[in-house]
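Residues per chain, in single letters:
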Amino acid sequence: MTEVLAWFHVDSVAEFWWVILGLSGQLLFTARFLVQWIASERARQSVVPVAFWYLSIGGGLILFGYAIYRRDPVFILGQSMGIVIYARNLWLIHAGRAADG
């Protein structure tokens, strides 16, 4: 386990799991681009599916937690602004659907 900790540049098992959580958030965040790309290719035009916003907010929240753990003000600010935008887009989508019936 010491070799794994050294490879990840962490000093403890707890810190290793925080890195794994951060990587998971980044993978979730990256998956949104794949979802958007696939949806656009299928539609043969630029499309932003609702799943894009769910993946954005999920990845953003996980990365925000990781940024807080790392005490990185630049990363915290960047993720906090994105979370607000993702949540607002989901609100608008669901409000529009509710209005349509």
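Just above sits the structure.
From a predicted model like this one, the values you see are computed outputs, not experimental measurements. (Residues numbered from 1 in each chain as written. Predicted model: local features only at pLDDT ≥ 70, side-chain atom pairs only at ≥ 80, totals over all residues. Heavy atoms only, no water.)

Some details on the packing of helix α3 (residues 50–70) against helix α4 (residues 73–100)
Inference 1: Contact geometry of α3 with α4 gives a least axis separation of 9 Å together with a crossing angle of 150°. Here α3 lies roughly antiparallel to α4, going by the angle between them. In the crossing of α3 with α4, the sense of the turn from one axis to the other is left-handed. Residues Val-50, Trp-53, Tyr-54, Ser-56, Ile-57, Gly-60, Leu-61, Leu-63, Phe-64, Tyr-66, Ala-67 and Ile-68 of α3 lie in contact with α4, whose contacting residues are Phe-75, Ile-76, Gln-79, Ser-80, Ile-83, Tyr-86, Ala-87, Asn-89, Leu-90, Ile-93, His-94 and Arg-97.
Inference 2: By residue class, the composition of the contact of α3 with α4 is 17 nonpolar, six polar and one charged. (Axes fitted to C-alpha atoms, helices over the stretch in contact; angles between N-to-C directions. Helix = DSSP H or I, 4+ residues; strand = E, 2+ residues; numbered from the N terminus. Parallel < 35°, antiparallel > 145°, perpendicular 65-115°, else oblique. Left-handed = near helix turned anticlockwise from the far one by under 90°. Contact = heavy atoms within 4.5 Å. Nonpolar A, V, L, I, M, F, W, Y, C, P; charged D, E, K, R; others polar.)

Observations regarding the pattern of salt bridges
Inference 1: Considering all chains together, one arrives at one salt bridge under this definition.
Inference 2: For Glu-15, the salt bridge is made with Arg-70, and the minimal N-O distance between the two is 3.0 Å. Of the two residues, Glu-15 sits in helix α2 (residues 13–43) while Arg-70 sits in helix α3, which places them 55 residues apart along the sequence. (Salt bridge = Lys/Arg side-chain N within 4 Å of Asp/Glu carboxyl O.)

Quick word on unusual backbone geometry
Inference 1: The phi angle at Arg-44 is positive, at roughly 60°, despite the residue not being glycine.
Inference 2: Positioned with a positive phi, Arg-71 is a non-glycine residue whose angle comes to about 55°.
Inference 3: Locating Arg-71 in the fold gives a position in the loop between α3 and α4.

Structural notes on a nonpolar patch on the surface
Inference 1: A grouping of Met-1, Val-4, Val-13 and Trp-17 is seen on the molecular surface, where their side chains present a nonpolar patch of about 400 Å² in accessible area.
Inference 2: When you line up the elements, Val-4 lands in helix α1 (residues 2–7).
Inference 3: The partly exposed category is assigned to Val-4, whose relative accessible area is 33%. (Patch = residues over 30% accessible without salt bridge, like charges linked within 9 Å, V, L, I, M, F, W, Y side chains within 5 Å. Areas by Shrake-Rupley, 256 points an atom, 1.4 Å probe, with all protein chains shown as cover. Buried < 20%, exposed > 50% of the residue type's maximum accessible area, 1.4 Å probe, protein only.)

Examining α3
Inference 1: Between its terminal C-alpha atoms α3 stretches 30 Å, which fits the 30 Å expected from 21 residues at 1.5 Å a residue.
Inference 2: Of the residues making up α3, those classed as buried are Val-50, Phe-52, Trp-53, Leu-55, Ser-56, Ile-57, Gly-58, Gly-59, Gly-60, Leu-63, Tyr-66 and Ala-67.
Inference 3: On its buried face, α3 is in contact with α2 and α4.
Inference 4: Note on α3: the residue one or two positions beyond its end, Arg-71, has a positive phi of about 55°. (Expected span 1.5 Å × (residues − 1).)

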